[in-house]
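Here's the letter readout for the chains.
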Amino acid sequence: MLSLIKADLRRIFKDRLLLIMGILAVSFAIATPLLYAIILAGTNAVQIDMLTDMLSGYFSGKTQFFSSFPIGNNMGLIAPVFIIIVMCKDFSYGTVRNKIISGKSRAAIFMSLFISCSIVFIAVMMLHAFVTLGFSLIFFDYQSTPFTVADFWYFMESLGFEILMLLCVSAIMSWLCATKKNTGLAIVLYVAFAFGLTLAGSVTQMVLGVMNAFEGNDSDFLFALRFVDRINIGNSSAYIGNGSEYTLEDVLYLTISPIIGILGFTGLGLHNFNKKDLK
């Protein structure tokens, strides 16, 4: 399977869409901190206090960095669309059929697709996030308090959780590429999936905020809503990188949910791809 992975990565790196993704990743990484810096520079002291209250911690490198990962935001939405276009070329050009004829198993082909997709997606998102962090530190502090060893380990833990989320999204993309009839359908389904999870996260956060305003509200509905909100990978940005430490409950939610997603979508992809009629 190693030869398949090398071949897939070689083809992806030769595709011009990868260069476009890199340019977009850097462009968004520069534009977002610059926009906040311009807003901050054009305000007086009173307005700065008001903006800080309204936008909370957005004037910090930490928040800018972790806001680079949500699947419904900037590169989190754009990069998967480009990757799906690149990966689906193997199917539309008959490359996958030729791999099977040459003796490669469908399982190996799908897993190569998943691994290659994961490597490229994580690389693009990390480029976007770290350039965002580097550029935002020109204008803002990393956080309002001094950076300590504990903050470093919290950063590394958060980065690990983000990678798990990206792997889960890669599994979804691989499943769509390998099982859907054409590239357009795969893109539409992914965008609908991303927007659906993001919208669901926004709605549950809003409802939870309203219900939590009422003291003593510990109903079964509230518990179920919190559970749905925590397992939603489209809302992971509400819990990753927004504090200073993780509880055991946080760790369980942020690891079990994406792992189930990875195993579920790769398993479903393998099952469907083995039955797919390649023409």
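The structure this text deals with has already been given above.
The following paragraphs examine the structure supplied in this document. (Residues numbered from 1 in each chain as written. Predicted model: local features only at pLDDT ≥ 70, side-chain atom pairs only at ≥ 80, totals over all residues. Heavy atoms only, no water.)

For the rest of this paragraph, the subject is the pattern of salt bridges. This structure, assessed with the given rule, holds three salt bridges. A salt bridge links Lys 89 to Asp 15, with the nearest nitrogen and oxygen atoms 2.7 Å apart. Taken together, the residues Lys 89 in helix 5 (residues 75-92) and Asp 15 in the loop between helix 1 (2-14) and helix 2 (16-41) connect sequence positions 74 residues apart. Taking the relative accessible area as the measure of exposure, Lys 89 reaches 22% and is therefore partly exposed. Using a relative accessible area of 12% as the deciding quantity, one classes Asp 15 as buried. For Arg 230, the salt bridge identified is with Asp 250, shortest N-O distance 3.0 Å. (Salt bridge = Lys/Arg side-chain N within 4 Å of Asp/Glu carboxyl O. Helix = DSSP H or I, 4+ residues; strand = E, 2+ residues; numbered from the N terminus. Buried < 20%, exposed > 50% of the residue type's maximum accessible area, 1.4 Å probe, protein only.)

Glancing now at the side chain of Asn 235. Assignment of secondary structure puts Asn 235 in the loop between helix 10 (220-231) and helix 11 (248-275). Among all residues touching Asn 235, those that are not within four sequence positions of it are Gly 201, Gln 205 and Asp 229. (Contact = heavy atoms within 4.5 Å.)

Here we take up the environment of Leu 263. Its place among the elements puts Leu 263 in helix 11. By relative accessible area, Leu 263 is classed as exposed at 59%. Considering only alpha carbons, one finds Leu 263 and Cys 168, 95 residues apart in sequence, at a separation of 8.4 Å.

Another point: a nonpolar patch on the surface. On the surface, a cluster of nonpolar side chains totalling about 560 Å² of accessible area is made up of Val 26, Ile 30, Leu 34, Ile 38, Leu 127, Ile 138 and Phe 139. Among the elements that line the nonpolar patch, the one with the most residues is helix 2, at four residues. Relative to the elements of secondary structure, Leu 34 occurs in helix 2. (Patch = residues over 30% accessible without salt bridge, like charges linked within 9 Å, V, L, I, M, F, W, Y side chains within 5 Å. Areas by Shrake-Rupley, 256 points an atom, 1.4 Å probe, with all protein chains shown as cover.)

What follows concerns the environment of Met 87. With respect to the secondary-structure elements, Met 87 resides in helix 5. The exposure class assigned to Met 87 is buried, which follows from its relative accessible area of 2%. Between the alpha carbons of Met 87 and Ile 12 there is a distance of 7.8 Å; along the sequence they are 75 residues apart. In this structure, Met 87 is in contact with Arg 11, Ile 12, Leu 113, Ser 116, Cys 117 and Cys 177, ignoring residues within four places of it in sequence.

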